Amino acid sequence: MADTKREIERKYEGPAADGDTGMPDLSGVPGVAGVVDKGVAELDATYFDTPDQRLAAASLTLRRRTGGDDAGWHLKLPVSEGVRDEIQAPLSDTVPRAIAGLVRSRVRDAELVPLVRLRSARDIRHLVDDSGALLAEVSLDRVRADRLGGGKGSAEWTELEVELADDGDPAFLDKVEKKLRKAGLSRSASSSKLAKALGVTGERAGKPGGKHAGKPVSEKSVSGKPVPARTVPARPAPEEPVTAGDHVLAYLRAQYDAIVELDPAVRRDLPDSVHSMRVATRRMRSTFRSYGKILDRAVTDPIGDELKWLAGELGVDRDQEVLTKRLTESLGRLPRTLLSGPVRTRLRTWAHARHGGSRRRLIAVLDGKRYMALLTRLDELVTDPPLLKTAGGDPGKVIAKAVRKDFGKVSDLVVQALDRPPGADRDHAMHEARKKAKRTRYAAEAASPALGGPAAGLVKSMKSLQSLLGDHQDSVMTRDALRELAALAHAAGESSFTYGVLYGREEQRAAAAEAALPGAWETIEAQTAV
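The sections below set out a description of the structure shown in this document. (Residues numbered from 1 in each chain as written. Predicted model: local features only at pLDDT ≥ 70, side-chain atom pairs only at ≥ 80, totals over all residues. Heavy atoms only, no water.)

## Considerations on the overall build of the protein
Okay, so step 1: Check the secondary structure of the protein and you find 14 helices and nine strands.
Okay, so step 2: With the C-alpha coordinates of the protein rotated into their principal frame, the extents come out at 85 × 65 × 45 Å.
Okay, so step 3: Counting over 530 residues, the protein shows a buried share of 49%.
Okay, so step 4: Pairs at least 24 apart in sequence give 72% of the contacts found in the protein among residues at least 6 apart.
Okay, so step 5: Split by element, the accessible area of the protein, about 25,100 Å² in all, is 51% carbon and sulfur.
Okay, so step 6: For the protein, the centre of its 85 positive side-chain charges and the centre of its 76 negative side-chain charges are spaced 3 Å apart. (Helix = DSSP H or I, 4+ residues; strand = E, 2+ residues; numbered from the N terminus. Buried < 20%, exposed > 50% of the residue type's maximum accessible area, 1.4 Å probe, protein only. Contact = heavy atoms within 4.5 Å. Areas by Shrake-Rupley, 256 points an atom, 1.4 Å probe, with all protein chains shown as cover. Lys, Arg positive; Asp, Glu negative; His and termini not counted. Charge placed at Lys NZ, Arg CZ, Asp CG, Glu CD.)

## Describing a positive patch on the surface
Okay, so step 1: Judged by side-chain charge, K293, K401, R404 and K405 come together as a positively charged surface patch.
Okay, so step 2: Inspection of the secondary structure assignment puts K405 in helix α11 (residues 395-419). (Patch = residues over 30% accessible without salt bridge, like charges linked within 9 Å, V, L, I, M, F, W, Y side chains within 5 Å. Salt bridge = Lys/Arg side-chain N within 4 Å of Asp/Glu carboxyl O.)

## What about the packing of aromatic side chains?
Okay, so step 1: Applying the stated criterion across every chain, the model contains two aromatic pairs.
Okay, so step 2: Residues F48 and W73 carry aromatic rings whose centres are separated by 5.3 Å and whose planes lie at 40° to one another, so their mutual orientation is tilted. Highlighted residues: F48 in strand β2 (residues 34-49) and W73 in strand β4 (residues 72-80), separated in sequence by 25 residues. Residue F48 shares its accessibility class with W73, and that shared class is buried.
Okay, so step 3: Across the ring face of W309, the terminal group of R370 is positioned such that the distance to the ring centre comes to 4.2 Å. (Phe/Tyr/Trp six-rings, centres within 6.5 Å; stacked < 30°, edge-to-face > 60°. Lys NZ or Arg CZ within 6 Å of the ring centre and 35° of its normal.)

## A few points about the packing of α11 against helix α13 (residues 453-491)
Okay, so step 1: Taken N-terminus to C-terminus, the directions of α11 and α13 make an angle of 25°; their axes are 13 Å apart at the nearest point. It follows from the interaxial angle that α11 and α13 lie roughly parallel. Considering the relative orientation of α11 and α13, their crossing is left-handed. Listed contacts from α13 to V403, F407, V410 and V414 of α11 are L458, M462 and L465.
Okay, so step 2: For the contact of α11 with α13, the residue count by class is seven nonpolar, no polar and no charged. (Axes fitted to C-alpha atoms, helices over the stretch in contact; angles between N-to-C directions. Parallel < 35°, antiparallel > 145°, perpendicular 65-115°, else oblique. Left-handed = near helix turned anticlockwise from the far one by under 90°. Nonpolar A, V, L, I, M, F, W, Y, C, P; charged D, E, K, R; others polar.)

## Focus on unusual backbone geometry
Okay, so step 1: The phi torsion at S59 lies on the positive side, around 60°, for a residue other than glycine.
Okay, so step 2: Tracing the chain through its elements places S59 in the loop between α1 (54-57) and β3 (61-66).

## Things to note about the pairing of β2
Okay, so step 1: In this sheet, strand β6 (residues 113-128) lies alongside β2 in antiparallel orientation, the contact comprising 15 bridges. Its bridge partner being in β6, D37 is matched across the sheet by R125.
Okay, so step 2: When β2 meets β3, the two strands line up antiparallel, connected through five bridges. Each bridged residue has a counterpart across the sheet, and for T46 the counterpart in β3 is R64. (Pairing = 2+ DSSP bridges.)

## A word on the packing of helix α12 (residues 424-451) against α13
Okay, so step 1: Packing of α12 against α13 leaves a shortest axis separation of 8 Å and a crossing angle of 155°. The angle between the axes of α12 and α13 places the two elements in the roughly antiparallel class. In this structure, α12 meets α13 at a crossing whose hand is left-handed.
Okay, so step 2: Tallied by class, residues from the contact of α12 with α13 come to 15 nonpolar, eight polar and six charged.

## A short note on the environment of P342
Okay, so step 1: Here P342 lies in the loop between α8 (297-333) and α9 (343-366).
Okay, so step 2: Along the primary structure P342 and E494 are separated by 152 residues, whereas in three dimensions their C-alpha atoms are 7.6 Å apart.

## Some details on the pairing of strand β7 (residues 134-147)
Okay, so step 1: By the criterion of burial, β7 is predominantly enclosed, with ten of the 14 residues buried.
Okay, so step 2: As judged from the 13 bridges shared by β6 and β7, these two strands associate in the antiparallel manner. Paired with V116 across the strands is R147, a residue of β7.
Okay, so step 3: Counted along the chain from β6 to the antiparallel partner β7, the turn is five residues long, and its residue G132 has a positive phi close to 90°.
Okay, so step 4: Counting the residues between successive antiparallel strands, the hairpin from β7 to strand β8 (residues 154-164) contains six residues, one of them, G150, with a positive phi of roughly 75°.

Structure follows, in C-alpha cells:
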C-alpha cells in the first residue's frame with residue numbers, strides 16, 4: 001500500500017551551510033513563536049534508476065531509505081518548481097508494485113539498478129507558531145554521496161532544506177528565505193540531492209540526444225542479477241522549427257511526452273489525467289492523418305490504429321466521468337416535486353459500479369505488453385521519423401494546404417448535418433462533424449507556430465464548434481444512459497418518472513444545439529482566413 005504526500009520545499013547552500021557555523025538562527029522569522037530542536041537523524045538512502053538514467057532525466061527520484069520517521073520506498077514526482085508529490089511505501093527488498101507501476105512508462109523493459117547511495121546526518125528544527133502548530137521543518141544535512149553505477153567516486157557537502165508543513169501557506173517560505181539570505185545562504189543550484197550527487201560523482205543523467213543516448217550500458221539490477229546491455233534511442237536535441245516537417249514533429253513530440261508524463265497521474269486517478277492523456281493520443285493520431293504528405297502513412301497508420309485502441313480504453317473511464325457529472329448536475333437542477341424514488345442512490349450505485357470496473361481494466365491496459373510496445377514504437381517514431389520529401393517544404397505552403405483540406409471536410413459534414421431531418425441520421429452526422437472539427441483544431445494547433453494568427457483563429461473557431469457539437473453528442477449519450485437507468489429502476493420496482501423528465505430536458509438541449517448550428521457555422525466561415 002502506498003501513501004501520497006505533497007512536498008513543498010526549498011534547498012539552500014552557501015558559507016552559512018558549510019558545516020562550520022551550524023543551523024542559522026530562525027527565531028526572528030515573522031510568525032515563528034518557537035524553534036524546536038528535534039535532534040539529529042541518520043539517514044541512509046539508495047537511489048535506483050535504469051542504467052541509462054531515464055528517471056533522473058525526467059526529474060523523478062526513486063529511493064529506498066532507512067532511518068528517520070519515514071523509512072521506506074519513496075518515489076518523488078515533479079509537480080512544479082519546488083513542489084513534488086512523494087509516494088511512500090513500506091520497506092521491502094524489491095520495489096513495491098504500487099511504485100513500480102508509476103515508473104513503468106519510463107522504465108518499460110529495463111531493470112532498476114542502484115545508482116547512488118546518500119548517507120546524511122540530518123540536524124532537524126521545527127518552526128512552530130504561538131499555538132505550537134508546525135509551520136515548517138528546517139534541516140541541516142551533512143551528506144556523503146557514493147556512486148554505485150554509471151560513474152565513480154564520492155563527494156561530501158552540506159545543504160539546508162526547508163519543507164513547508166502540510167497545508168501550509170507557501171508564502172511562509174519567502175519569509176524564511178529572507179532570513180536565510182541575510183545569513184549568507186542562496187538557493188541551491190541542484191533541484192535535489194540526487195541531481196547534485198550525479199553531477200559531482202560521475203556523468204550526468206542521460207537525456208534524449210545527450211552523450212549517453214544510444215550507448216550500451218550494463219549494471220546489476222535490484223535483485224543482483226546481471227542486466228543485458230541495451231541502448232536507448234537517441235533523440236536529437238530540439239531546435240527551432242524551420243521546415244514543414246520540423247513543425248509537425250515538434251507537435252508530435254509534445255504529445256508523446258505528454259502521454260509518458262501523464263501515465264503516473266492516470267494510474268493515481270488524478271483529476272483530468274485520463275482526459276488529458278486521451279487528448280494527447282487523439283492529437284497524435286489526427287496529426288498522422290492531417291499531415292499524411294509529410295509523414296509516411298505506411299508507417300504511421302498502424303501506430304494510429306494502436307493510438308485509437310488506447311484512446312478507446314481511456315475513454316471507458318472518461319466517458320463515464322462525463323455522463324455521471326452531467327446527470328448529477330441535471331438532478332441538482334430539478335425541483336423536489338420532480339424527484340420520484342431513490343434516483344440519486346441509483347445514480348451513485350450505477351456510476352460506482354462502472355467506474356470501479358473501468359479503473360481495473362484501465363490499469364491492466366497500462367500494465368500490458370500492448371501498451372508498452374506502443375510507447376516503444378512512439379519513441380522510435382519521434383526519434384527517427386518517417387519523413388517524406390514534402391517535409392522539407394515551406395510550412396507556409398505545405399502546412400496551410402493540409403489545414404485547408406481538413407477545414408473543407410468539416411464544412412461538407414456540417415452541411416450534411418443541416419440537410420438531414422432531426423433524428424438518428426442527424427445525430428450521426430453532427431457527431432462526425434464534431435470529430436472532423438476536432439481533427440482540424442489539432443492540425444491548426446500544430447500549424448500555429450508556422451502560420452501565426454490565421455491558424456490560431458481557426459483553433460478558436462474549431463474549439464467553439466467542437467463545444468457546440470460536443471454538447472449535442474453528450475445529450476445523445478446521456479439519453480442512452482437514462483434509458484439504461486430507467487430500465488434498472490423499473491426492474492427493481494422503483495419509479496422511472498424522474499428519468500423520463502431528465503430525458504425530455506436532454507432532448508431540449510439537443511434541439512437547442514441543432515438550432516444554434518447554422519448561425520455558428522456562418523460566423524466561422526466568415527472568420528476563417530487560413
